[in-house]
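# Reading the structure
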Amino acid sequence: MKKIVVFGATGNVGSYMVKYMKEYFSGSDFEVIASGRRETNFFEKLEIPYFSVDITKPEDFSKLPTENVFAVVHLAAIIPAYMVGYKPEQYLQANIIGTWNVLEYCRKIRADRILFSLHVNGNLPLKSDLPKKFSYTDDHAVYVISKNACIEFIEHYHQKYGLKNFIFRFPSIYSYSPNRYYFPNGVKTLRPFYLFIDKAMKGEPIELWGDPNYSTDMCHVYDCSQIFCKAIESNLSGGLYNVGTGIPITLKEKIEAIIKIFSPSENSSQIIYRPEKSNSGGFLMDVTKTRADLGYEPVYDIEKLLLDYKEEMKINRFAELRLN
(Lines give C-alpha, C1' and ligand atoms only; values in the text may rest on other atoms or scores of the structure.)
Protein backbone atom coordinates (compact mmCIF):
# COMPACT_ATOMS: atom_id res chain seq x y z
CA MET A 1 0.00 0.00 0.00
CA LYS A 2 1.19 3.50 -0.87
CA LYS A 3 0.90 5.74 2.18
CA ILE A 4 -0.35 9.33 2.38
CA VAL A 5 0.88 11.07 5.55
CA VAL A 6 -1.21 14.11 6.53
CA PHE A 7 0.39 16.61 8.93
CA GLY A 8 -2.11 18.93 10.64
CA ALA A 9 -4.79 16.24 10.69
CA THR A 10 -6.41 17.56 13.88
CA GLY A 11 -7.02 21.04 12.41
CA ASN A 12 -10.21 22.43 10.90
CA VAL A 13 -9.21 21.58 7.33
CA GLY A 14 -7.05 18.56 8.13
CA SER A 15 -9.69 16.61 10.07
CA TYR A 16 -12.24 16.87 7.28
CA MET A 17 -9.57 16.18 4.66
CA VAL A 18 -8.41 12.89 6.18
CA LYS A 19 -12.05 11.77 6.38
CA TYR A 20 -12.56 12.71 2.72
CA MET A 21 -9.32 11.02 1.65
CA LYS A 22 -10.22 7.84 3.51
CA GLU A 23 -13.47 7.68 1.53
CA TYR A 24 -11.97 8.90 -1.78
CA PHE A 25 -9.19 6.30 -1.81
CA SER A 26 -11.33 3.46 -0.42
CA GLY A 27 -10.61 0.29 -2.37
CA SER A 28 -7.45 1.73 -3.92
CA ASP A 29 -3.81 1.02 -3.15
CA PHE A 30 -3.51 4.18 -1.01
CA GLU A 31 -3.60 4.27 2.79
CA VAL A 32 -4.19 7.52 4.71
CA ILE A 33 -2.04 8.17 7.81
CA ALA A 34 -3.03 11.06 10.12
CA SER A 35 -0.61 13.09 12.23
CA GLY A 36 -1.02 16.03 14.59
CA ARG A 37 0.59 17.56 17.63
CA ARG A 38 -2.03 16.51 20.17
CA GLU A 39 -2.51 13.13 21.80
CA THR A 40 -5.88 11.69 20.74
CA ASN A 41 -7.53 8.39 19.91
CA PHE A 42 -10.20 10.13 17.81
CA PHE A 43 -9.01 8.72 14.48
CA GLU A 44 -9.46 5.16 15.68
CA LYS A 45 -13.20 5.72 15.10
CA LEU A 46 -12.46 6.45 11.46
CA GLU A 47 -10.09 3.45 11.24
CA ILE A 48 -7.26 5.79 10.29
CA PRO A 49 -3.79 5.29 11.86
CA TYR A 50 -2.72 8.34 13.85
CA PHE A 51 0.66 9.49 15.18
CA SER A 52 1.22 12.37 17.58
CA VAL A 53 4.09 14.41 16.10
CA ASP A 54 5.29 17.90 16.92
CA ILE A 55 6.87 18.99 13.63
CA THR A 56 9.25 21.37 15.45
CA LYS A 57 10.91 18.32 17.07
CA PRO A 58 13.00 16.22 14.67
CA GLU A 59 12.98 13.26 17.06
CA ASP A 60 9.19 12.95 16.82
CA PHE A 61 9.39 11.92 13.17
CA SER A 62 10.80 8.54 14.19
CA LYS A 63 7.23 7.57 15.13
CA LEU A 64 6.09 7.80 11.51
CA PRO A 65 6.16 5.20 8.71
CA THR A 66 9.42 5.03 6.78
CA GLU A 67 8.44 2.71 3.93
CA ASN A 68 6.08 3.15 0.96
CA VAL A 69 5.26 6.79 1.79
CA PHE A 70 4.10 8.20 -1.54
CA ALA A 71 2.67 11.61 -0.59
CA VAL A 72 3.11 13.97 2.35
CA VAL A 73 0.31 16.51 2.89
CA HIS A 74 1.63 19.41 4.95
CA LEU A 75 -1.24 21.39 6.51
CA ALA A 76 0.37 21.98 9.92
CA ALA A 77 1.02 25.68 10.56
CA ILE A 78 0.52 28.60 12.88
CA ILE A 79 -1.83 31.08 11.18
CA PRO A 80 -2.92 34.60 12.21
CA ALA A 81 -6.60 33.68 12.53
CA TYR A 82 -5.87 31.48 15.57
CA MET A 83 -3.08 33.42 17.24
CA VAL A 84 -4.08 34.97 20.58
CA GLY A 85 -2.18 38.25 20.83
CA TYR A 86 0.89 38.62 18.62
CA LYS A 87 3.73 36.10 18.92
CA PRO A 88 5.57 36.18 15.57
CA GLU A 89 8.32 33.85 16.79
CA GLN A 90 5.74 31.04 16.61
CA TYR A 91 5.60 31.47 12.82
CA LEU A 92 9.35 30.94 12.64
CA GLN A 93 9.34 27.82 14.81
CA ALA A 94 6.22 26.06 13.52
CA ASN A 95 6.14 27.20 9.91
CA ILE A 96 9.81 27.47 8.90
CA ILE A 97 11.58 25.00 11.22
CA GLY A 98 8.57 22.67 11.14
CA THR A 99 8.50 22.65 7.34
CA TRP A 100 12.26 22.02 7.18
CA ASN A 101 11.77 18.97 9.41
CA VAL A 102 8.89 17.74 7.24
CA LEU A 103 11.07 18.11 4.15
CA GLU A 104 13.88 16.21 5.80
CA TYR A 105 11.41 13.44 6.60
CA CYS A 106 10.35 13.41 2.92
CA ARG A 107 13.99 13.18 1.81
CA LYS A 108 14.95 10.42 4.21
CA ILE A 109 11.99 8.17 3.43
CA ARG A 110 12.08 9.08 -0.28
CA ALA A 111 8.52 10.35 -0.58
CA ASP A 112 7.41 11.00 -4.14
CA ARG A 113 5.67 14.34 -3.49
CA ILE A 114 4.71 16.99 -0.96
CA LEU A 115 1.47 19.01 -0.94
CA PHE A 116 1.67 22.35 0.85
CA SER A 117 -0.90 25.04 1.66
CA LEU A 118 -0.78 28.77 2.29
CA HIS A 119 -3.52 31.37 2.82
CA VAL A 120 -3.81 34.43 0.60
CA ASN A 121 -5.32 37.91 0.84
CA GLY A 122 -7.00 39.97 -1.88
CA ASN A 123 -10.39 40.77 -3.39
CA LEU A 124 -9.57 40.56 -7.09
CA PRO A 125 -9.49 37.35 -9.15
CA LEU A 126 -6.25 35.75 -7.97
CA LYS A 127 -4.41 33.99 -10.80
CA SER A 128 -2.34 30.90 -10.08
CA ASP A 129 0.80 32.62 -11.39
CA LEU A 130 0.23 35.86 -9.45
CA PRO A 131 3.60 37.18 -8.19
CA LYS A 132 4.23 37.59 -4.46
CA LYS A 133 2.78 40.82 -3.09
CA PHE A 134 1.97 41.54 0.55
CA SER A 135 2.18 44.17 3.25
CA TYR A 136 5.40 44.26 5.28
CA THR A 137 3.66 46.14 8.11
CA ASP A 138 0.39 44.42 9.03
CA ASP A 139 -0.15 41.58 11.51
CA HIS A 140 0.11 38.98 8.71
CA ALA A 141 3.58 40.07 7.55
CA VAL A 142 5.72 37.56 9.47
CA TYR A 143 3.24 34.78 8.69
CA VAL A 144 3.48 35.50 4.95
CA ILE A 145 7.27 35.78 5.10
CA SER A 146 7.45 32.44 6.91
CA LYS A 147 5.25 30.76 4.28
CA ASN A 148 7.25 32.27 1.42
CA ALA A 149 10.41 30.90 3.03
CA CYS A 150 8.76 27.47 3.19
CA ILE A 151 7.99 27.61 -0.53
CA GLU A 152 11.63 28.39 -1.29
CA PHE A 153 12.80 25.44 0.81
CA ILE A 154 10.27 23.17 -0.93
CA GLU A 155 11.59 24.30 -4.32
CA HIS A 156 15.13 23.57 -3.10
CA TYR A 157 14.12 19.99 -2.24
CA HIS A 158 12.34 19.69 -5.58
CA GLN A 159 15.39 20.71 -7.59
CA LYS A 160 18.04 19.01 -5.47
CA TYR A 161 16.25 15.79 -4.50
CA GLY A 162 13.47 15.46 -7.10
CA LEU A 163 10.66 15.83 -4.56
CA LYS A 164 7.51 16.69 -6.52
CA ASN A 165 5.86 19.77 -5.07
CA PHE A 166 2.24 20.93 -5.26
CA ILE A 167 1.64 24.33 -3.65
CA PHE A 168 -1.95 25.41 -2.97
CA ARG A 169 -3.21 28.92 -2.31
CA PHE A 170 -6.17 28.88 0.09
CA PRO A 171 -8.96 31.42 0.41
CA SER A 172 -11.22 30.96 3.45
CA ILE A 173 -12.05 27.24 3.52
CA TYR A 174 -15.56 26.58 4.81
CA SER A 175 -16.10 23.73 7.27
CA TYR A 176 -18.30 23.64 10.35
CA SER A 177 -16.53 23.85 13.70
CA PRO A 178 -17.96 24.23 17.21
CA ASN A 179 -15.07 26.64 17.80
CA ARG A 180 -16.69 29.64 16.15
CA TYR A 181 -14.16 32.32 17.01
CA TYR A 182 -11.04 33.66 15.35
CA PHE A 183 -8.45 36.27 16.33
CA PRO A 184 -8.06 39.18 13.88
CA ASN A 185 -5.19 41.30 15.17
CA GLY A 186 -5.01 38.92 18.14
CA VAL A 187 -8.52 39.75 19.43
CA LYS A 188 -11.11 37.00 19.99
CA THR A 189 -14.01 37.64 17.61
CA LEU A 190 -17.11 35.68 16.58
CA ARG A 191 -16.89 34.81 12.90
CA PRO A 192 -19.51 36.82 10.94
CA PHE A 193 -20.64 33.66 9.15
CA TYR A 194 -21.72 32.10 12.45
CA LEU A 195 -23.32 35.37 13.56
CA PHE A 196 -25.50 35.28 10.42
CA ILE A 197 -26.44 31.64 11.06
CA ASP A 198 -27.33 32.36 14.70
CA LYS A 199 -29.58 35.24 13.72
CA ALA A 200 -31.24 33.24 10.95
CA MET A 201 -32.02 30.36 13.32
CA LYS A 202 -33.70 32.82 15.68
CA GLY A 203 -35.54 34.62 12.88
CA GLU A 204 -33.78 37.87 13.77
CA PRO A 205 -32.96 40.61 11.22
CA ILE A 206 -29.54 40.31 9.56
CA GLU A 207 -27.58 43.43 8.66
CA LEU A 208 -25.82 43.45 5.29
CA TRP A 209 -22.94 45.92 5.41
CA GLY A 210 -21.59 47.71 2.35
CA ASP A 211 -22.25 46.72 -1.24
CA PRO A 212 -24.71 43.77 -1.47
CA ASN A 213 -23.08 42.76 -4.77
CA TYR A 214 -19.60 42.47 -3.24
CA SER A 215 -18.63 38.88 -4.03
CA THR A 216 -16.35 36.21 -2.60
CA ASP A 217 -15.30 32.66 -3.39
CA MET A 218 -16.78 30.20 -0.88
CA CYS A 219 -14.87 26.92 -1.05
CA HIS A 220 -16.15 23.96 0.95
CA VAL A 221 -13.54 21.82 2.70
CA TYR A 222 -14.50 18.79 0.62
CA ASP A 223 -13.90 20.66 -2.65
CA CYS A 224 -10.51 21.63 -1.24
CA SER A 225 -9.91 17.99 -0.30
CA GLN A 226 -10.89 16.86 -3.80
CA ILE A 227 -8.13 19.07 -5.24
CA PHE A 228 -5.55 17.49 -2.94
CA CYS A 229 -6.66 13.98 -3.88
CA LYS A 230 -6.42 14.85 -7.58
CA ALA A 231 -2.87 16.14 -7.00
CA ILE A 232 -1.91 12.88 -5.28
CA GLU A 233 -3.15 11.00 -8.35
CA SER A 234 -1.52 13.41 -10.83
CA ASN A 235 1.35 12.43 -13.11
CA LEU A 236 2.65 16.02 -13.03
CA SER A 237 5.78 16.99 -11.14
CA GLY A 238 3.98 19.75 -9.23
CA GLY A 239 2.94 23.35 -9.58
CA LEU A 240 1.29 26.34 -7.93
CA TYR A 241 -2.51 26.08 -7.80
CA ASN A 242 -5.44 28.06 -6.47
CA VAL A 243 -8.03 26.39 -4.26
CA GLY A 244 -11.58 27.66 -4.72
CA THR A 245 -14.67 27.29 -6.86
CA GLY A 246 -14.18 30.14 -9.33
CA ILE A 247 -17.84 31.01 -8.68
CA PRO A 248 -18.34 34.41 -6.98
CA ILE A 249 -21.06 34.55 -4.31
CA THR A 250 -22.40 38.01 -3.50
CA LEU A 251 -23.14 39.10 0.07
CA LYS A 252 -26.81 39.23 -0.81
CA GLU A 253 -26.77 35.69 -2.21
CA LYS A 254 -24.89 34.44 0.85
CA ILE A 255 -27.31 35.91 3.38
CA GLU A 256 -30.37 34.91 1.37
CA ALA A 257 -29.09 31.31 1.28
CA ILE A 258 -28.39 31.34 5.04
CA ILE A 259 -31.94 32.52 5.68
CA LYS A 260 -33.35 29.86 3.35
CA ILE A 261 -31.45 27.00 5.01
CA PHE A 262 -31.49 28.06 8.69
CA SER A 263 -34.39 30.44 9.29
CA PRO A 264 -37.78 29.02 10.41
CA SER A 265 -40.39 29.43 7.67
CA GLU A 266 -42.89 30.92 10.10
CA ASN A 267 -40.42 33.53 11.31
CA SER A 268 -37.97 34.16 8.49
CA SER A 269 -35.16 36.66 9.00
CA GLN A 270 -35.22 39.91 7.07
CA ILE A 271 -32.19 41.62 5.52
CA ILE A 272 -31.42 45.15 6.68
CA TYR A 273 -29.17 46.95 4.21
CA ARG A 274 -26.43 49.13 5.73
CA PRO A 275 -24.50 50.57 2.75
CA GLU A 276 -22.80 53.14 4.99
CA LYS A 277 -20.95 50.35 6.85
CA SER A 278 -17.71 48.95 5.46
CA ASN A 279 -17.18 45.34 4.54
CA SER A 280 -14.08 43.54 3.37
CA GLY A 281 -12.24 40.24 3.45
CA GLY A 282 -13.36 38.48 0.29
CA PHE A 283 -11.40 36.36 -2.16
CA LEU A 284 -12.02 35.52 -5.80
CA MET A 285 -9.92 32.59 -6.94
CA ASP A 286 -9.16 31.76 -10.55
CA VAL A 287 -9.16 27.95 -10.64
CA THR A 288 -8.78 27.56 -14.41
CA LYS A 289 -5.35 25.98 -14.04
CA THR A 290 -6.50 23.76 -11.17
CA ARG A 291 -9.35 22.40 -13.28
CA ALA A 292 -7.25 21.97 -16.42
CA ASP A 293 -4.20 20.33 -14.83
CA LEU A 294 -5.80 18.27 -12.07
CA GLY A 295 -9.27 17.51 -13.43
CA TYR A 296 -10.95 19.28 -10.53
CA GLU A 297 -14.66 20.15 -10.65
CA PRO A 298 -16.27 21.94 -7.68
CA VAL A 299 -19.27 20.18 -6.17
CA TYR A 300 -20.46 22.48 -3.39
CA ASP A 301 -22.55 25.52 -4.30
CA ILE A 302 -23.67 27.87 -1.52
CA GLU A 303 -26.82 25.92 -0.64
CA LYS A 304 -25.08 22.52 -0.58
CA LEU A 305 -22.33 24.08 1.58
CA LEU A 306 -24.89 25.39 4.06
CA LEU A 307 -26.82 22.11 4.16
CA ASP A 308 -23.55 20.37 5.08
CA TYR A 309 -23.01 22.94 7.86
CA LYS A 310 -26.51 22.22 9.16
CA GLU A 311 -25.86 18.48 9.23
CA GLU A 312 -22.44 18.85 10.85
CA MET A 313 -23.93 21.12 13.52
CA LYS A 314 -26.24 18.24 14.46
CA ILE A 315 -23.66 15.48 14.66
CA ASN A 316 -20.66 17.65 15.69
CA ARG A 317 -18.29 14.87 14.61
CA PHE A 318 -15.03 16.70 15.41
CA ALA A 319 -16.08 18.25 18.73
CA GLU A 320 -13.40 16.50 20.78
CA LEU A 321 -10.69 17.87 18.50
CA ARG A 322 -11.98 21.44 18.85
CA LEU A 323 -13.21 21.91 22.41
CA ASN A 324 -10.56 20.39 24.64
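Residues numbered from 1 in each chain as written. Predicted model: local features only at pLDDT ≥ 70, side-chain atom pairs only at ≥ 80, totals over all residues. Heavy atoms only, no water.

With that out of the way, let us pick up the packing of aromatic side chains. Two measures describe an aromatic ring pair: the distance that separates the ring centres and the angle between the ring planes. Enumeration according to the criterion identifies 28 aromatic pairs in this entry. A centroid spacing of 6.5 Å and a plane angle of 80° characterise the contact between Phe193 and Tyr194, whose relative ring orientation is edge-to-face. The pair formed by Phe193 and Tyr194 is uniform in burial state, with each residue classed as buried. Ring centres of Phe193 and Tyr309 lie 5.2 Å apart, and the angle between their planes is 75°; this geometry places the pair in the edge-to-face category. Pair noted here: Phe193 is in helix α4 (residues 192-202) and Tyr309 is in helix α8 (residues 302-315), with a separation of 116 residues, a long-range link. According to the relative accessible area criterion, Tyr309 is buried, its value standing at 3%. Within the aromatic cluster, the residues linked to one another by ring pairs are Tyr16, Tyr20, Tyr24, Phe25, Phe30, Phe42, Phe43, Tyr50, Phe70, Tyr222, Tyr300 and Phe318. (Phe/Tyr/Trp six-rings, centres within 6.5 Å; stacked < 30°, edge-to-face > 60°. Buried < 20%, exposed > 50% of the residue type's maximum accessible area, 1.4 Å probe, protein only. Helix = DSSP H or I, 4+ residues; strand = E, 2+ residues; numbered from the N terminus.)

The strand order across the open sheet formed by 7 strands is β3-β2-β1-β4-β5-β7-β14, and the pairing between neighbours is parallel. At either margin of the open sheet sits one strand with a lone partner, and together these are β3 (50-52) and β14 (238-242). Shown here is a sheet whose adjacent strand axes are inclined to one another by a mean of 15°, direction ignored. When strand β7 (residues 164-170) meets β14, the two strands line up parallel, connected through 5 bridges. Within β14, the position partnered with Asn165 by the bridge is Gly238. Taken strand by strand, helix α3 (residues 141-161) contacts β5 (113-119) and β7, and its axis lies near 165° from that of β5. Seen against the sheet, helix α5 (residues 221-233) touches β1 (2-7), β2 (30-36), β4 (69-74), β5, β7 and β14 and runs at an angle of roughly 150° to β5. (Pairing = 2+ DSSP bridges. Axes fitted to C-alpha atoms, helices over the stretch in contact; angles between N-to-C directions. Contact = heavy atoms within 4.5 Å.)

Right, let's talk about the state of the cysteines for a bit. Across all of its chains, the model carries 0 disulfides by this definition. No disulfide involves Cys106; its sulfur sits 13 Å from the nearest other cysteine sulfur, which is in Cys150. The class of Cys150 is buried, set by a relative accessible area of 0%. (Disulfide = S-S within 2.5 Å.)

Once that is clear, we can look at the nonpolar core. Residues Met21, Val73, Phe168, Phe228 and Ile232 are the most contacted members of the largest nonpolar core, which totals 66 residues. At 8 residues, the largest contribution of residues to this core is made by α5. If near-sequence neighbours (up to four positions away) are discounted, Met21 is found in contact with Ile4, Val6, Val32, Val73, Phe228, Cys229 and Ile232. (Core = buried A, V, L, I, M, F, W, Y, C linked by side-chain atoms within 4.5 Å.)

Bringing the environment of Ile206 into the picture now. Relative to the assigned elements, Ile206 resides in strand β11 (residues 206-209). Taking the C-alpha atoms as reference points, Ile206 and Ala9, 197 residues apart in sequence, are found 35 Å from one another. Apart from residues lying up to four places away in sequence, Ile206 is in contact with Phe196, Lys199, Ala200, Ile255, Ile259, Ser269, Gln270, Ile271 and Ile272.

What follows covers the packing of α4 against helix α6 (residues 251-262). Put simply, α4 and α6 touch, their axes get as near as 9 Å, and they point 45° apart. Judged by the angle between their axes, α4 and α6 are oblique. The interaxial crossing formed by α4 with α6 has right-handed handedness. Judged by residue contacts, Phe193, Phe196, Ile197, Ala200 and Met201 of α4 engage Lys254, Ile255, Ile258, Ile259 and Phe262 from α6. (Parallel < 35°, antiparallel > 145°, perpendicular 65-115°, else oblique. Left-handed = near helix turned anticlockwise from the far one by under 90°.)

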